[in-house]
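This is what each chain is made of:
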Number of protein chains: 2
Amino acid sequence: MQKTCLAEKLKSFSEHWSPKIVGELNGQHVKLVKFQGEFVWHHHDNEDELFLVLQGKFRMDYREPSGSEQSLEISAGEFVIVPRGTEHRPYAAEEVHVMLFEPVGTLNTGNVQSNLTVSAPAVI
Amino acid sequence: MQKTCLAEKLKSFSEHWSPKIVGELNGQHVKLVKFQGEFVWHHHDNEDELFLVLQGKFRMDYREPSGSEQSLEISAGEFVIVPRGTEHRPYAAEEVHVMLFEPVGTLNTGNVQSNLTVSAPAVI
């Protein structure tokens, strides 16, 4: 058994939109990711996703079942859970550091294939 | 969809060793708990448990499969995953604030019934 220091792990990479696996339990992954700029709209058919902000802030755009577009600003010390099926798109004006909890195998771009898709996130 | 502020949730309760549910996703609960003093030795037969320290620090005592007793000090910004089956006992000299990530239905005292057992954690 060992402990994991989030700050140390975050220091070990710099690229954006490329989640790194830092833990696994009960079929779920704990990931760290750095965001900057605008991601792609997507959803996950079978996975709920938690975004916990560790440093900075970002805006989560999402679509309600009616189709109406909404957004939430998530700052350090706050989290949001995006339910499966919900179209969403993170946007960060400045770099933000985020911890993710999601099932093993969750693709960062969900149902969408794009040049931002990371099919095999690194374990760090 | 809504966001959750950890500091606000932590302000809303003061008792120790009584996890509160602040989120649910993929059959897992996100909980917040305040520790102070010594908990009971226990294990979980079927659940891995993640402890992320938000404020303060605590010592996680645990037993290796050989039976040898070990401990890890976990400080703010660090987490530990206790695998199912591992005997463990948190101890905090001073109050510590912790986020837990574990399957829905996980009992705080695992296989042990004690006056610290919380069979139905509150949702806050």
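This text follows the structure it describes.
As a starting point, this report considers the structure included with it. Remember, it's a predicted structure, so these values are computed and weren't measured experimentally.

Across the contact, 37 residues belong to chain B and 37 residues belong to chain A. In this assembly, chain B packs against chain A so that about 2900 Å² is buried in total across both faces, 68% of it on carbon and sulfur atoms. Along the contact surface separating chain B from chain A lie 2 salt bridges. Here Glu78 of chain B ties to Lys3 of chain A by a salt bridge, and the two come within 3.1 Å at their closest N and O atoms. Counting across the interface, chain B meets chain A through 12 residue pairs in polar contact (both at pLDDT 80 or more). Of all the secondary structure elements, the ones that give two or more residues to the side of chain B that touches chain A are β1 (3-5), β2 (20-25), β3 (28-38), β4 (49-55), β5 (57-63), β6 (69-75), β7 (78-82) and β8 (88-103) of chain B.

What follows covers the packing of aromatic side chains. Going through the model one piece at a time under the given rule, you end up with 11 aromatic pairs over all chains. Geometrically, the ring pair formed by Trp17 of chain B and Phe35 of chain B is stacked, given 4.5 Å between the ring centres and 25° between the ring planes. Separated by 18 residues along the polypeptide, Trp17 of chain B in the loop between α1 (6-11) and β2 and Phe35 of chain B in strand β3 bring together distant segments of the chain. Taking 5.4 Å as the distance between ring centres and 85° as the angle between the ring planes, the aromatic pair formed by Phe35 of chain B and Phe58 of chain B counts as edge-to-face. Here Phe35 of chain B is found in strand β3, whereas its partner Phe58 of chain B is found in strand β5, with 23 residues between them in sequence. On the basis of relative accessibility, which here comes to 4%, the residue Phe35 of chain B falls in the buried class. Judged by relative accessible area, which is 2%, Phe58 of chain B ranks as buried. Put simply, the rings of Trp17, Phe35, Phe39, Phe51 and Phe58 of chain A pair up and form one aromatic cluster.

About the cut-offs
The residue numbers shown here count from 1 along each chain, following its written sequence. Chain labels run from A onward and ligand labels from 1 onward, assigned in the order the entries are written. Owing to the predicted nature of the model, reporting of local features is limited to residues with pLDDT of at least 70; listing and counting of side-chain atom pairs is limited to 80 or more, with chain, interface and lining totals taken over all residues. For the side-chain quantities, the full set of heavy atoms in the structure was used; hydrogens and water were omitted. Whether two residues are in contact is decided by their heavy atoms, any of which lying within 4.5 Å being enough. The quantity reported as buried area is the accessible area (1.4 Å probe) lost by two parts once they are put together, taken as the sum for both. Within this document, salt bridges are pairs made up of a side-chain nitrogen of Lys or Arg and a carboxyl oxygen of Asp or Glu, the two lying within 4 Å of each other. As used in this structure description, the phrase polar contact means that two N or O atoms lie within 3.5 Å; if the pair is within protein, one of them must be able to donate a hydrogen and the other to accept it, and residues adjacent in sequence are counted only when both atoms belong to side chains. Each helix is a run of H or I in the DSSP string that is no shorter than four residues. Each strand is a run of E no shorter than two, and both are numbered from the N terminus. Two aromatic rings from Phe, Tyr or Trp, using only the six-membered ring of Trp, form a pair when their centres are within 6.5 Å; if the ring planes differ by under 30 degrees the pair is stacked, by over 60 it is edge-to-face, and anything between is tilted. To sort residues, take the accessible area from a 1.4 Å probe on protein chains only and compare it with the maximum for the residue type: under 20% means buried, over 50% means exposed, and anything in between is partly exposed.

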